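Survey of secondary and tertiary structure
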Amino acid sequence: MSLLQPKIGLRSASLLVVSVIVGSGVFKKIAPMSAELGSPWLVLLCWVVAGLITLAGALTTAEMASLFPDSGGEYQYYRKVYNPFFAFLYGWGNFTVMKTASIAALSYVFAESFYSIFAKNLPLYFIDAGILIKIIATLLVASLTYVNYKGLTIAEKLSNSLTFLMFLSVGIFVFWGLWSPQGSWENLSHSSSFEIYQHRTTGTWIKALFAACLGAFWGYEGWNHIGFIGEEVKSPQKNLPLALTFGTLAVILIYVSLNLVYLRVLPIEAFIQINENPNTIAAIEVAKVIMGPIGTILLACLILLTTLNATNGTILMSARLFYAMGRDKLFFTQTAHIHPNYQTPSFALLFQALWSVLLIWSGSFDQLTDMLVFASFIYYGATAYGVILLRQKEPMLKRVYKVVGYPYIPIVFILFCLVLVTVTLFTQPVQAFSGLALIGSGIPFYFYWNKIESKG
């Protein structure tokens, strides 16, 4: 059987980690987080805490990635540490909820920004704006899928170029925002005067902090994607852990810097008011203050850039998970096919694109992304527990990389995952149980494919 070839070095792998994380969340989430907390420093604290917990997860997962650098990431870890059934449910959950819904959501945000910049004022006689946005999102998914179909090197170069451009754009915006005369450092010491925040009990504050942290975690979602392309990374035992660490640290710096600019330029009440209008993007309002009308266009272009980049990175890496499942005959067998000329999982890319486009047109991706953080942290916790389990079961296994601070960092991350999943079950039972139901819908498919594999 033909296998995917290692072509990605450390620099590209680190940039891919950044590219797939930085999407639209960091530009929008400050408004609902401000509405929950009413304090600039608590908002910043949420981004830092979420970043550090994400880093703990990345450092822990890196040990698994170093041990099992195959296509499929966690799917491969679970097959080896737990069992094929648990691994399949992870892959099925990614296909139905976690990765395809992310592709749909990111492409839709790209399409909204594209429409607002280039098409909003055009006379659209025969087509509804909502339909046009869905058409643009569909064309984006189709175009990026084609780029990835044509070869890993092409998709990698596109991602690297977009990520460098994103670094430059964010750097200019942060520098301008931190020194702009339109802002004031006093805004960071000013909490909301709204009465709702002054009469909260300890319980309501904890609930608010948790809800705000969930918003931040959505912004950090995707850090584990690099494991999906493990067998295409050069010297994976060394480079996968380094890429996870460097990439996650870079994203934490970007996110905290951007939110510091937002909170310096506008008072917390402004973001609370922005939250009441779901069609308003907080970062664009900040850019409008410090750069004038041109700021709206520049920030919209930056959102275009980051969502384009994140969509490309998610398409590139997630398809390798479905390829790995097909190779194990636990998914559609066509997804195991590698194009003889381009050395890409062509059918896995096609299946992924078709389902993502279906979600775009169904309009269900927003509801699915509400379930994404909950479902993801079930598996993140399982990966961290797997590190501890494997240390006990196979202590003599050669480990090129070992998670720093073992066992404390994995244990802290596992405990956080347990708390997040448990609290979500009680506070958002509809989203939680709907996510579990979608993952569980793969059970009959598992037995069907497993039966075929047994006969073969």
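What comes next concerns the included structure. Note that the coordinates shown come from a computational prediction; the quantities given were computed from them, not determined experimentally. (Residues numbered from 1 in each chain as written. Predicted model: local features only at pLDDT ≥ 70, side-chain atom pairs only at ≥ 80, totals over all residues. Heavy atoms only, no water.)

Assigned secondary structure in the protein chain consists of 19 helices and zero strands. Radius of gyration (C-alpha) of the protein chain: 22 Å, near the 23 Å computed for a compact globule of 456 residues. Across its three principal directions, the C-alpha atoms of the protein chain cover 65 × 55 × 40 Å. Relative to its full complement of 456 residues, the protein chain shows a buried share of 58%. Working note: accessible area of the protein chain is about 18,700 Å², and carbon and sulfur atoms make up 67% of it. (Helix = DSSP H or I, 4+ residues; strand = E, 2+ residues; numbered from the N terminus. Rg over C-alpha atoms; globule rule 2.2 N^0.38 Å. Buried < 20%, exposed > 50% of the residue type's maximum accessible area, 1.4 Å probe, protein only. Areas by Shrake-Rupley, 256 points an atom, 1.4 Å probe, with all protein chains shown as cover.)

A word on helix α14 (residues 293-327). A rise of 1.5 Å per residue sets the reference length of α14, with its 35 residues, at 51 Å; its end C-alpha atoms lie 52 Å apart and thus fit the reference within 8%. The element α14 is extensively covered by neighbouring structure, given that 29 of its 35 residues are classed as buried. Looking one or two residues beyond α14, the residue adopting positive phi is K329, at roughly 60°. (Expected span 1.5 Å × (residues − 1).)

Attention now goes to the nonpolar core. Membership of the largest hydrophobic core comes to 154 residues, with the highest contact counts inside it found for F27, F173 and F377. In terms of residues, this core owes the most to one element, helix α6 (residues 84-119), which gives 17 residues. In contact with F27, other than residues within four places in its own chain, are L258, Y262, I281, A282, A283, L299, L302, I303 and T306. (Core = buried A, V, L, I, M, F, W, Y, C linked by side-chain atoms within 4.5 Å. Contact = heavy atoms within 4.5 Å.)

This structure, assessed with the given rule, holds 40 aromatic pairs. Centroid distance F95 to W355: 5.5 Å. Interplanar angle 25°. Geometry classified as stacked. Note that F95 is positioned in helix α6 and W355 in helix α15 (residues 346-362), a separation of 260 residues in sequence. The exposure class assigned to F95 is buried, which follows from its relative accessible area of 7%. Overall, W355 belongs to the partly exposed group, its relative accessible area being 29%. Note on F445 and W449: the rings are 5.7 Å apart at their centroids and 35° apart in plane angle, and the pair reads as tilted. Here F445 and its partner W449 are both found in helix α19 (residues 443-455), four residues apart, which amounts to about one turn of the helix. Positioned above the aromatic ring of W185, the side-chain terminus of R264 is 5.0 Å from the ring centre. Sitting above the plane of the Y406 ring, R391 keeps its charged end 3.8 Å from the centroid. (Phe/Tyr/Trp six-rings, centres within 6.5 Å; stacked < 30°, edge-to-face > 60°. Lys NZ or Arg CZ within 6 Å of the ring centre and 35° of its normal.)

With that out of the way, let us pick up the side chain of T163. Position of T163 relative to the elements: it lies in helix α8 (residues 152-179). With a relative accessible area of 0%, T163 lands in the buried category.

Within the secondary structure, A137 sits in helix α7 (residues 129-149). Look at A137 and you get buried, because its relative accessible area is 0%. Here the alpha-carbon distance between A137 and E112, two residues 25 residues apart in the chain, equals 8.5 Å. Once you skip the residues sitting within four places of it in the chain, A137 turns out to touch S107, Y108, A111 and I360.

Should their charged atoms come close, side chains of opposite charge can pair. Per the stated rule, a full pass over the model turns up seven salt bridges. E63 is the salt-bridge partner of R391, the closest N and O atoms lying 2.9 Å from each other. Of this pair, R391 sits in helix α16 (residues 365-393) while E63 sits in helix α4 (residues 40-67), and the two are 328 residues apart along the sequence. You'll find R391 and E63 in the same group, each marked buried. Three or more residues are tied together by salt bridges with common partners; here these are E63, R391 and R399. (Salt bridge = Lys/Arg side-chain N within 4 Å of Asp/Glu carboxyl O.)

An ideal rise of 1.5 Å per residue puts 28 Å on 20 residues; helix α17 (residues 408-427) measures up with 28 Å between its terminal C-alpha atoms. Those residues of α17 that fall on the buried side of the exposure criterion are P410, F413, I414, F416, C417, L420, V421 and T424. Down the axis of α17, the smallest arc covering the buried residues is 160°, so these residues share one side. The exposed set on the far side of α17, more than 90 degrees from its buried face, consists of Y408, V412 and F426. (Arc of directions from axis to C-beta.)

Next up on the list: the packing of α4 against helix α11 (residues 236-265). Running from N to C, α4 and α11 point in directions that differ by 175°, and their axes come no closer than 9 Å. Here α4 lies roughly antiparallel to α11, going by the angle between them. Looking at the contact of α4 with α11 residue by residue, the classes come out as 20 nonpolar, eight polar and no charged. (Axes fitted to C-alpha atoms, helices over the stretch in contact; angles between N-to-C directions. Parallel < 35°, antiparallel > 145°, perpendicular 65-115°, else oblique. Nonpolar A, V, L, I, M, F, W, Y, C, P; charged D, E, K, R; others polar.)

The next subject is the packing of α6 against α15. Two elements in contact, α6 and α15, have axes separated by 8 Å at closest approach and are oriented at 65°. When the axis of α6 is compared with that of α15, the two are roughly perpendicular. Crossing hand, α6 versus α15: right-handed. Contacts between α6 and α15 pair F95, T96, T100, A101, I103, A104 and S107 from the former with F351, Q352, W355, S356, L359 and I360 from the latter. (Left-handed = near helix turned anticlockwise from the far one by under 90°.)

A contiguous nonpolar surface patch, about 340 Å² in accessible area, is contributed by I131, I135, L139 and W361. Looking at which element gives the most residues to the nonpolar patch, the answer is α7, with three residues. As for its position among the elements, I135 is in helix α7. By relative accessible area, which is 31% here, I135 ends up partly exposed. (Patch = residues over 30% accessible without salt bridge, like charges linked within 9 Å, V, L, I, M, F, W, Y side chains within 5 Å.)

As a further point, take the side chain of N312. Assignment of secondary structure puts N312 in helix α14. Beyond its immediate sequence surroundings of up to four residues, N312 is in contact with L144, N148, A155, L158 and S159.

Moving on, we get to the environment of A270. Among the secondary structure elements, A270 is positioned in helix α12 (residues 268-275). Judged by relative accessible area, which is 19%, A270 ranks as buried. In the structure, A270 is positioned 25 residues away from T245 in sequence and 35 Å away in space, judged by C-alpha atoms.

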